[in-house]
Amino acid sequence: MSFRTTLKKYSDKFVVMSWYSDSNKKYSPENICNLLRDRDTFVKYCGILKFQTNDSRNIGLFYKMINNEREIIRYAVVSKLAGIKNSKSISILTKALNDDSRYVREAVLRSLREIADINVVENIYPLLSDKWHNVRLEAAKTLYFLDEDEPIQYILDLLKDKSEMNRLAGIKFIRDHKKRFGIYAVGPVQAVGKHDRKGEVRKEAGELAQYLLEMGVLDNIWDKIITQDDYYQIFDIVDSLSRIDDKQASEILGKVLSFPFVMEKEFDFEEEEEIKSVAIDFFMQKYQNTGDKSFLDELFGTLLHNYNNSILSDHIVFVLSMCRLDDVLKKAEFLLLENLDDEDYANLLRIIISIGGDAAIDVLNDFFEQYSDDSGHIQGILFYDGEANELFDFLSNSKNAKAHQLLANFLESEFYEFLDDELKKKCIIAAGTTKAAIAIKNLSDILLNKDEDMIIRRKAAQALGAIGTKRAAAALNKVGKDKYASNNLKKVATSLRSQIK
């Protein structure tokens, strides 16, 4: 006989017995003691149900019933313990969370929920992963009432439970407590309504999501955001909004992007960044899912005109890295001409280089032209995270005349002096590879510089040989008259000179 069948049989029989018993009959401690000690399981069951919580004489015997081999007895005990709210009861119930019977574990959770001792929260966590769906459901509901930190999340997690019954139970629970859940449930319920594999679950979730929106859960959210001073509550609201597929939610997130939390709420920069990054991710996801550039334009417009760039430039760079559009480089160029940190400049350069093409070279050219008189600024950018290596590789592989010009500019003394030997080599080799005639004078100066490393001087000679013009030949010819040049360098220069026609 199954547990449910036995429980129904015992319950029905107990009720019938109660109908025909004297309602005024008093169950003395002696009678209860005899019932609890009886060998018959049903008699024990009746003794537990008739046990009075103030019966100090039999309380010890009653507690021992938790060790009975019959699960229906243990079930009855843990159910009765809900009315005995003391430390001993809580201790017994806590241990019984590990009972072999799923029905006992369910009853334990209901009793703990009624006793409402928050100290048992951590002991309940493992039952969220119980193999039986009813136990998982009771664990989630119990934690909803006991855990003060994230109560609603346990119910929202039910929406993703592998059991269809639990997902439906989660939807019903949210409907029954709709004011408590509000906007926090809309996004998750919408997701279930779109993606759940069971039609009935999708139907129930879709109707609930629509009902929550129609009851106006979004109507006063913006006022809550701008009047609330607690960072965590604002973050939770914004995070919930980002999960909702609704025009009004998008409009509120647009306002979040432009609201100055640092000034209005006295949040620190990191807190503001965390909140706004949620909105940024929302618009990026919308753009990626739909290909609608209006989401991207709204994001850029808000970021560029309502932000302190030093706070959010890394988010803007992230947006650029995700969007390979023709107008992205224009937006990147706008940023490059702003007063950003060296790290942000370096990140932007990396994005521009990754996009590539002549349009990227135009942006780079404009940037270096803008800061041609500020070698220290260029130095800080190029030396940040090895960015110069990528830049020179990109320029040296280009056939664009502007790329040649940029390489030649790096051979100017004001830039050349802060390059290390490896970067000097890259620059010189790039000038030769691209046959940048405009670099001949600078290469000649490097070739004839007695304080320069001999390998660097030889690279300059090779670059001149690669350029192969009469002016390059004239520069190589001067090495023969340089008393500081090594014999090897002179031989290299002579050989290269002889190959130029």
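The coordinates are above.
Residues numbered from 1 in each chain as written. Predicted model: local features only at pLDDT ≥ 70, side-chain atom pairs only at ≥ 80, totals over all residues. Heavy atoms only, no water.

## Looking at the packing of aromatic side chains
This is how it is decided: Note on aromatic pairs: the rings of Phe, Tyr and Trp (six-membered ring only in Trp) are paired at centre separations within 6.5 Å, and the planes decide the class, stacked below 30 degrees, edge-to-face beyond 60, tilted for the rest. Numbering of helices and strands runs from the N terminus, with a helix taken as a DSSP run of H or I at least four residues long and a strand as a DSSP run of E at least two residues long. Between buried and exposed lies partly exposed: a residue is buried under 20% and exposed over 50% of the maximum accessible area for its type, with that area taken using a 1.4 Å probe on protein chains only. In this scheme, the term charge over a ring applies when either NZ of a lysine or CZ of an arginine sits within 6 Å of the ring centre and within 35 degrees of the ring normal.
What the rule picks out here adds up to 19 aromatic pairs. Between F51 and F62, the ring centres sit 4.5 Å apart and the planes meet at 0 degrees, which makes this aromatic pair stacked. Pair noted here: F51 is in the loop between helix 3 (41-50) and helix 4 (59-64) and F62 is in helix 4, with a separation of eleven residues, a long-range link. Taken individually, F51 and F62 each receive the classification buried, so the pair is uniform in this respect. Taking 6.1 Å as the distance between ring centres and 50 degrees as the angle between the ring planes, the aromatic pair formed by F62 and Y63 counts as tilted. We note that F62, like Y63, is buried. Ring pairing ties together the aromatic residues W222, Y231, Y232, F235, F259, F261 and F267, which thus form one cluster. In this structure, K13 is placed above the aromatic ring of F42, and the distance from its NZ or CZ to the ring centre is 4.4 Å.

## Some remarks on a negative patch on the surface
To keep things clear, this is the line we draw: The patches reported here contain residues having more than 30% relative accessible area and no salt bridge. Joining distances are 9 Å for like charges and 5 Å for nonpolar side chains (Val, Leu, Ile, Met, Phe, Trp, Tyr). The Shrake-Rupley method, run with a 1.4 Å probe, gives the accessible areas here. Residue values count only the displayed protein chains as cover. Salt bridges are counted wherever a side-chain nitrogen of Lys or Arg sits within 4 Å of a carboxyl oxygen of Asp or Glu. The convention is simple: Lys and Arg are positive, Asp and Glu are negative, and His and the chain ends are not counted. In plain terms, the charge of a residue is placed at NZ if it is Lys, CZ if Arg, CG if Asp and CD if Glu.
The grouping of E148, D149, E150, D230 and D236 at the surface amounts to a negative patch. With respect to the secondary-structure elements, D236 resides in helix 16 (residues 231-241). Look at D236 and you get partly exposed, because its relative accessible area is 40%.

## Some details on the environment of L447
To be explicit about the condition: By definition, residues are in contact when any of their heavy atoms lie within 4.5 Å.
Here L447 lies in helix 30 (residues 440-447). By relative accessible area, L447 is classed as buried at 0%. Once the C-alpha coordinates of L447 and A475 are considered, the two residues, 28 residues apart in sequence, prove to be 8.3 Å apart. If near-sequence neighbours (up to four positions away) are discounted, L447 is found in contact with R457, A460, A461, L464, A475, L476, V479 and L489.

## Re the nonpolar core
This is how it is decided: For our purposes a nonpolar core is just a set of buried Ala, Val, Leu, Ile, Met, Phe, Trp, Tyr and Cys residues, chained together by side-chain atoms within 4.5 Å.
With 98 residues, the main nonpolar core has I124, I174, F181, L218, I225 and L241 as its most contacted residues. Each residue touching I174, except ones within four places of it in the same chain, is listed here: I155, L156, L159, F181, A185, V189 and L208.

## Observations regarding unusual backbone geometry
Although it is not a glycine, A116 adopts a positive phi angle of roughly 65 degrees. Tracing the backbone through its elements, the reader meets A116 in the loop between helix 7 (102-115) and helix 8 (121-124). Backbone geometry at E266 places phi at a positive 60 degrees, although glycine is not the residue there. Along the chain, E266 falls in the loop between helix 18 (261-265) and helix 19 (269-290). Residue E266 is classed as exposed on the basis of its relative accessible area, which comes to 71%.

## A look at the packing of helix 13 (residues 183-195) against helix 14 (residues 199-214)
Here is the rule: An axis is simply a line fitted to the C-alpha atoms; with a helix, the fit covers only the stretch in contact. Between two such axes, the angle follows the N-to-C directions and lies from 0 to 180 degrees. Each crossing gets its hand from how the near helix is turned against the far one by less than a right angle, where anticlockwise is left-handed and clockwise is right-handed. Throughout this entry, Asp, Glu, Lys and Arg are counted as charged residues, while Ala, Val, Leu, Ile, Met, Phe, Trp, Tyr, Cys and Pro are counted as nonpolar. The remaining residues, Gly among them, count as polar.
The contact between helix 13 and helix 14 brings their axes to 7 Å, and the two run at 145 degrees. For the crossing formed where helix 13 meets helix 14, the hand is left-handed. On helix 14, the residues that touch A185, V186, V189, Q190, V192, G193 and K194 of helix 13 are V201, R202, A205, G206, L208, A209, L212 and L213. When the residues that make up the contact of helix 13 with helix 14 are grouped by side-chain class, the tally is ten nonpolar, three polar and two charged.

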